[in-house]
Amino acid sequence: MQTKNSKTKKSSWVLYILAALLLLDGIVWYQIVQTTTPRGSAEIYFLDVGQGDSELIILPGGAKVLIDAGNPDGKVLKTLAEVLPPHDRYIDILFMTHPQLDHFGGFIDVLKNYEVGAFIGNGRKGTAGAYPELIAELKRKGVSYVRLEEGDRILYGGAEMDILSPSGHNLLSAELNDTSLVTLLKDKNFRALFTADIGFNVESELMKKYDLSADILKVGQHGSRFSSGVEFLKAVNPKVAVIEVGKNNYGHPTPSALARLKSATATAGQAGAQVFSTLEFHTMRAIFDGISLKILRH
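All values reported here derive from a predicted model rather than from experimental measurement.

How would you sum up the pattern of salt bridges? Please name residues and give values.
If you walk through the whole model with that rule in mind, you get 16 salt bridges. Between aspartate 162 and arginine 153 there is a salt bridge, with its nearest N and O atoms 2.6 Å apart. Note on aspartate 162: relative accessible area 6%, which makes it buried. Ionic pairing is found between lysine 186 and glutamate 160, a salt bridge with its closest N-O pair at 3.8 Å. One end of the pair, lysine 186, is in strand β9 (residues 182-186); the other, glutamate 160, is in strand β8 (residues 159-165), and 26 residues separate them in sequence. We classify lysine 186 as partly exposed; its relative accessible area is 27%. If you follow the salt bridges from partner to partner, you end up with Arg153, Glu160, Asp162 and Lys186 in one network.

The structure is reproduced here in structure tokens:
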């Protein structure tokens, strides 16, 4: 059993890793459109990696966190090359929500092509054949694996990433989706909730524990019928919902999930959340432009 003090030490270690490994030299940011992100504001790229998840968060100050990387098919390298300058070959943290292939597979390519500060996961081993290759590549590159769970937190540049799940109970679940690292990014200008592949059961638990309100929701399970419950969406009250999905045989995003997302409202009489998918809009960038939150198509 992990004590509160040991968890604090572990989280502090993560923060020291991030601070030590951040490149401090000036970075010329690639601009998607003729606009600039206000200094000190986080930005999020929802990367089009097909039927999989991948989000690149650039924290205030420039630290980069890559949450998931899609399948091992090279797509994540293509999209990273589109949003990062050619000379920028460093990513501070690779963040694996859970060890399913459509979430971790692309990390193998990233490790072979980028320098990486640290790797974060939930500690569970993957069953897909590519998982041992991922672990071998981490060892080859000398990248530390840091295990996080509910209650841990990453702080940097005035922003914070709170880990809301998995709990100790969910971490032991036979269903890997239940073990997903759920993260709430809190920036001074907006809040974004990243739900990986959690379903109704974990959504229900989170509603009882936390203030889930967020401006941006990364939709769970690629828009499957087993996630994005009505009460959960009421608790989140997103202005924007992003579904990371590609051509698939699962029916994602499902009509039922889309209907629930489009009916989600912050207050009575207000328009429902705007719903975007990488299948339709491809890579997207979320920024606060000094006045409002914007989703920009790449």
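If you had to explain unusual backbone geometry to someone new, which residues and values would you point to?
Each neighbour pair has its own omega, and for serine 165 with proline 166 the value is 15°, a cis peptide bond. The topology assignment puts proline 166 in the loop between β8 and α6 (168-171). Cis geometry is found at the peptide bond from histidine 252 to proline 253, where omega equals -10°. Within the secondary structure layout, proline 253 lies in the loop between β12 (240-243) and α9 (255-263). Here aspartate 68, not a glycine, exhibits a phi torsion of approximately 60°, which is positive. With respect to the helices and strands, the residue aspartate 68 is situated in the loop between β3 (64-67) and α2 (75-83). Note on aspartate 68: relative accessible area 0%, which makes it buried. We note that histidine 282 has phi near 65°; this positive angle belongs to a residue other than glycine.

Could you give me a rundown of the environment of phenylalanine 200, with the residues and numbers involved?
Among the structural elements, phenylalanine 200 can be located in helix α7 (residues 200-209). We classify phenylalanine 200 as partly exposed; its relative accessible area is 39%. Setting aside residues up to four positions removed in sequence, phenylalanine 200 forms contacts with Arg225, Phe226, Ser227, Ser228, Gly229 and Arg260.

Explain the nonpolar core to me, and be specific about the residues and the numbers.
Across soluble globular proteins, you tend to see nonpolar side chains buried next to one another. The biggest cluster of nonpolar side chains holds 31 residues, and the ones touching the most others in it are Ile44, Ile57, Leu59 and Leu185. Listed by contribution, the elements that provide at least two residues to this core are β1 (43-46), β3, β4 (90-95), β7 (153-156), β8, β10 (191-194), β12 and β14 (284-288). Every residue in contact with isoleucine 57, bar those within four places of it in the chain, is listed here: Glu43, Ile44, Ala63, Lys64, Val65, Ile67, Met161, Leu185 and Phe194. Core analysis: the second largest hydrophobic core is formed by 27 residues, Ala69, Leu80, Leu84 and Val110 among them.

Can you tell me about the sheet that holds strand β5 (residues 115-121), naming the residues and giving the values?
The strands making up a sheet associate through backbone hydrogen bonding, with each pair oriented either parallel or antiparallel. In space, the 8 strands of this open sheet follow the order β6-β5-β4-β3-β2-β1-β14-β15, with mixed pairing throughout. At either end of the open sheet lies a strand with only one pairing partner, and these are β6 (144-147) and β15 (293-297). If you compare each strand with its neighbour and ignore which way they point, the axes differ by 20° on average. Pairing geometry for strand β2 (residues 55-58) and β3, over 4 bridges, is antiparallel. Its bridge partner lying in β3, isoleucine 57 is registered against valine 65.

Cut-offs applied
Residues numbered from 1 in each chain as written. Predicted model: local features only at pLDDT ≥ 70, side-chain atom pairs only at ≥ 80, totals over all residues. Heavy atoms only, no water. Salt bridge = Lys/Arg side-chain N within 4 Å of Asp/Glu carboxyl O. Buried < 20%, exposed > 50% of the residue type's maximum accessible area, 1.4 Å probe, protein only. Helix = DSSP H or I, 4+ residues; strand = E, 2+ residues; numbered from the N terminus. Contact = heavy atoms within 4.5 Å. Core = buried A, V, L, I, M, F, W, Y, C linked by side-chain atoms within 4.5 Å. Pairing = 2+ DSSP bridges. Axes fitted to C-alpha atoms, helices over the stretch in contact; angles between N-to-C directions.

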